[in-house]
Amino acid sequence: MQTKLIGSTDGLEQGGKGLRFDVKNASGDVMPAFVIRYDSQYFAYLNKCGHIAVQLDYMPGEFFSDDGESLICATHGAEYAPDTGACNGGPCYGIGLEPLKISQQGEQLFLDSDSLDVVKTEAG
Ligand code: FES
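Residues numbered from 1 in each chain as written. Predicted model: local features only at pLDDT ≥ 70, side-chain atom pairs only at ≥ 80, totals over all residues. Heavy atoms only, no water.

Caption draft 1: Layout of the sheet that holds strand β8 (residues 99-100). As summarised here, the arrangement of the 5 strands in space is β8-β4-β3-β2-β11, forming an open sheet in which the pairing is antiparallel. Where the open sheet ends on each side, the last strands, each with one partner, are β8 and β11 (117-121). As paired elements, strand β2 (residues 19-24) and strand β3 (residues 30-38) share 6 bridges and run antiparallel to each other. Residue K24 lies in a different strand from β3, and its bridge partner there is V30. (Pairing = 2+ DSSP bridges. Helix = DSSP H or I, 4+ residues; strand = E, 2+ residues; numbered from the N terminus.)

Encoded structure:
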């Protein structure tokens, strides 16, 4: 499994801003993605709502609900579990976020994928 640098864990806190980055598949399609911290762990997903294929954040990096317990789509309010991406309510109708496998080495986060490349990151 190849690892590709996403960025630093600096500033990633539960309920705080996530780290946005882009991935590219073998066909050359570039897709927005993000990492958040939840319950002392880091989780990454494609930035694509299960309802309509739009990005979730209402401002760049703002994914969490006010209580820090859900990820919310700004368009119609679909809610997702931060640790699984499962649809927890609203118009995602059971369609969760697509998780990305990541790993941590020290203060750096890496995408673990043989099929996706990290092509842009907003930090680190
Ligand atoms: S597009 Fe996300 S809830 Fe409708």
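Caption draft 2: Broad picture of the packing of aromatic side chains. Summed over the entire model, instances satisfying the criterion amount to 2 aromatic pairs. With a centroid separation of 5.9 Å and an interplanar angle of 45°, the aromatic rings of F34 and Y45 are classed as tilted. Of the two residues, F34 sits in strand β3 while Y45 sits in strand β4 (residues 41-46), which places them 11 residues apart along the sequence. In this structure F34 comes out as buried when scored by relative accessible area, which is 0%. Look at F34 and F63: their rings are 3.8 Å apart centre to centre, the planes differ by 10°, and that puts the pair in the stacked class. (Phe/Tyr/Trp six-rings, centres within 6.5 Å; stacked < 30°, edge-to-face > 60°. Buried < 20%, exposed > 50% of the residue type's maximum accessible area, 1.4 Å probe, protein only.)

Caption draft 3: Examining the environment of M59 more closely. Considering the arrangement of structural elements, one finds M59 in the loop between β4 and β5 (71-72). Considering only alpha carbons, one finds M59 and G15, 44 residues apart in sequence, at a separation of 14 Å.

Caption draft 4: Structural context of the sheet that holds β5. Spatially, 3 strands are ordered β5-β6-β7 in an open sheet, and the strand pairing comes out antiparallel. The open sheet has two edge strands with one neighbour each: β5 and β7 (87-89). Two elements, strand β6 (residues 79-80) and β7, share 2 bridges in a ladder whose sense is antiparallel. Looking at the pairing, E79 lines up with G89 of β7.

Caption draft 5: The arrangement of the pattern of salt bridges in detail. Per the counting criterion, the structure on display carries 3 salt bridges. Salt-bridge contacts for K4 lead to D117; the nearest nitrogen and oxygen are separated by 3.3 Å. Here the residue K4 occupies a position in strand β1 (residues 3-8), and D117 occupies one in strand β11, the gap between them amounting to 113 residues. Of the residues examined, D117 reaches a relative accessible area of 37% and is grouped as partly exposed. (Salt bridge = Lys/Arg side-chain N within 4 Å of Asp/Glu carboxyl O.)

Caption draft 6: Up close: a negative patch on the surface. Together, D39, D66, D67, E69 and D83 make up a negatively charged patch on the protein surface. Here E69 lies in the loop between β4 and β5. For E69, a relative accessible area of 37% gives the class partly exposed. (Patch = residues over 30% accessible without salt bridge, like charges linked within 9 Å, V, L, I, M, F, W, Y side chains within 5 Å. Areas by Shrake-Rupley, 256 points an atom, 1.4 Å probe, with all protein chains shown as cover. Lys, Arg positive; Asp, Glu negative; His and termini not counted. Charge placed at Lys NZ, Arg CZ, Asp CG, Glu CD.)

Caption draft 7: Region of interest: unusual backbone geometry. For D39, which is not glycine, the phi torsion reads 55° and is therefore positive. Along the chain, D39 turns up in the loop between β3 and β4. Among the residues examined, D39 registers a relative accessible area of 52% and is labelled exposed. In this structure, S40 takes a positive phi of about 65° despite not being glycine. If you trace the backbone, S40 turns up in the loop between β3 and β4. In this structure S40 comes out as exposed when scored by relative accessible area, which is 59%.

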